[in-house]
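Below, each chain spelled out in residue letters.
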Amino acid sequence: MSTKDIGTAFRQESELLVEQLCRALTDVIHATDERPALPPGAAKALEELNESLPETGCGGQKTIEQLLDLNHRAGGNTGGPKCFHFVIGGSTPAALAADLLATAYETITYTWVLSPVGVHMELQALDWLKELFGLPATMAGIMVTGGTMANFVCLAAARQWWGECHGLDVSETGMAGLPVMPVLTSGFVHASTLKVLSLQGIGRSNVQQFCGDDFGRLDYSAMRSALEKLQGQPALVIINAGEVNAGEFDPVEDMIRLARQHNCWVHVDGAFGLFARISPRTAHFVKDVEKADSVSVDGHKWLNVPYDSGYAFVRDHGLLVRAFRYSADYLPTEDDPRPTLGAIGPESSRRGRSFAVWSTLKAYGREGHQRIVEHCLDIAQHFAQQINNHPELELMAEVSLNIVAFRFNPGGLSDEQLDEMNNHLGEVVLSDGRFLVGTSKIGKRTIFRPAFSNWRTREQDVEELAQVVAELGHSLL
Ligand SMILES: Cc1ncc(COP(=O)(O)O)c(C=O)c1O
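1. Focus: helix α10 (residues 252–261)
Taken together, the buried positions of α10 are occupied by V252, M255, I256 and A259. Take α10 and look down its axis: the buried residues cluster within an arc of 100°, on one side only. Residues R257 and Q261 are exposed on α10 and point more than 90 degrees away from its buried face. Tucked inside the fold, the buried residues of α10 contact β4 (235–240) and β5 (264–269).

So, in structure tokens, the structure goes:
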């Protein structure tokens, strides 16, 4: 590092780095279609990171060069067209550009005075999202890191409501002395929701899952009996709009109607399934979702904005205020008319997520986002056709949304042997590196479950996926 004072040195270096970065960004973004999904040999490249803290740094330019090189050799191409693991979206051009700007401006959206535009854009973008999803305009909203934290916000509001039903403000006095909170759902409940319930002192094993089959589909009459037994005690019903193995839905409409006959808070986890609302081809899966008390949804999945970005919508704004309020003499007061978003959600310090969300909705509108969703629906159907046409691949569930459950099945093997083989094949496919795709289970059966949520994915990509899984499966025989 130079001997000039740090301010002068960094200002000079900053100029050089911006030039280096503009060139690098051009290459990085242009190569998104081509970079391998997971570079083979990634683990080896990481050995370079095992060094002790540099006493004298090597400077920004060399460091960024090394970072680019390391990412080239060991970075997952999660924004690329061949990443189908978990449920991962890409980024629209406008969203990516805006997100880079949010970082360049070092935008903070804790409270209005730190970024009037960042805070106002968040409120505007949340209003647009409510319109896009057909949620009531009066619902409160907040941006968080993703589906997990969106569930956290919604269930914190639910817990606050439940405490108040018992005459207590749990954000002040905690849960001591209260009965166990009844939480009812189907077997589709997402692991992150259980994590959230554990964090909120409700306890993941207190969740009652009513499963009618191995898949985890709702046993409606068992849930109804359980609600009847509660005799009007307040309870929480969690509806899973989009489960991760085959993109199925709980019966949203029926569950909301049932919950409304009892004294229930209705939460809908719509991390990716809520996007079904924006295409007439799939909107029926999430009919009546506007009647819920809270709804969570992810942006970094099917909205195609960069990580991390999720949204919580809660009918009663006051519950968010009471659940998340905090104060200190140096913080804005509750009666300040300028919004402090950090006081109605879990994070105080918050980045400028609103830039990307506002920009993608502004740039492409409802129509553009409907096209992204329908493109992915088409890709899922096209992939399902590849599976059906291939003698050694077997479709394992009907394809209703953007996830296709299938397995390699060359014939002549028992289900147990096929499970073992597909588990092993899952690892082989990942180390091959051409695709990022995961395995899971439907009932006892091991499946591959590619999820298509990125505008970049083309028909040829999923045709190749079918060929690669079959080819690598064959190599194991
Ligand atoms: C249905 C559902 N809920 C919640 C989550 C958690 O979301 P995140 O990983 O963004 O925290 C996911 C993630 O895949 C999901 O599919």
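2. Overview of the nonpolar core
Ranked by internal contacts, the top residues of the largest apolar core, which has 125 residues, are V153, A157, L236 and V237. For this core, the element with the most residues is helix α12 (residues 353–389), which contributes 13 residues. Residues within four places of A157 in sequence aside, it is in contact with S294, V314, D316, L319, L320 and A323.

3. Re the domain arrangement of the protein
Taken as a whole, the protein is organised into domain 1 (6–77) and domain 2 (97–363). Relative to domain 2, the C-alpha centre of domain 1 lies at a distance of 36 Å.

4. Description of the site of the ligand
With respect to spatial proximity, 14 residues lie near the ligand, and among them G146, G147, T148, H190 and A271 are the closest. Residues that form the shell around the ligand fall into these classes: five nonpolar, seven polar and two charged.

5. Quick notes on the packing of helix α4 (residues 93–104) against α12
Relative orientation of the contacting elements α4 and α12 amounts to 150°, with a least axis distance of 8 Å. Taken together, the axis directions place α4 and α12 in an arrangement best described as roughly antiparallel. Relative to α12, the crossing made by α4 is right-handed. Residues A94, A95, A98, D99, L101 and A102 of α4 form the contact with α12, whose participating residues are F355, A356, S359, T360 and A363. Taken together, the residues of the contact of α4 with α12 break down into eight nonpolar, two polar and one charged.

Conventions adopted
Residues numbered from 1 in each chain as written. Predicted model: local features only at pLDDT ≥ 70, side-chain atom pairs only at ≥ 80, totals over all residues. Buried ≥ 20, exposed ≤ 12 C-beta atoms within 10 Å, placed from the backbone. Helix = DSSP H or I, 4+ residues; strand = E, 2+ residues; numbered from the N terminus. Arc of directions from axis to C-beta. Contact = placed C-beta atoms within 7 Å. Core = buried A, V, L, I, M, F, W, Y, C linked by C-beta atoms within 7 Å. Domains from an automatic or database assignment. Near = placed C-beta within 6 Å. Nonpolar A, V, L, I, M, F, W, Y, C, P; charged D, E, K, R; others polar. Axes fitted to C-alpha atoms, helices over the stretch in contact; angles between N-to-C directions. Parallel < 35°, antiparallel > 145°, perpendicular 65-115°, else oblique. Left-handed = near helix turned anticlockwise from the far one by under 90°.

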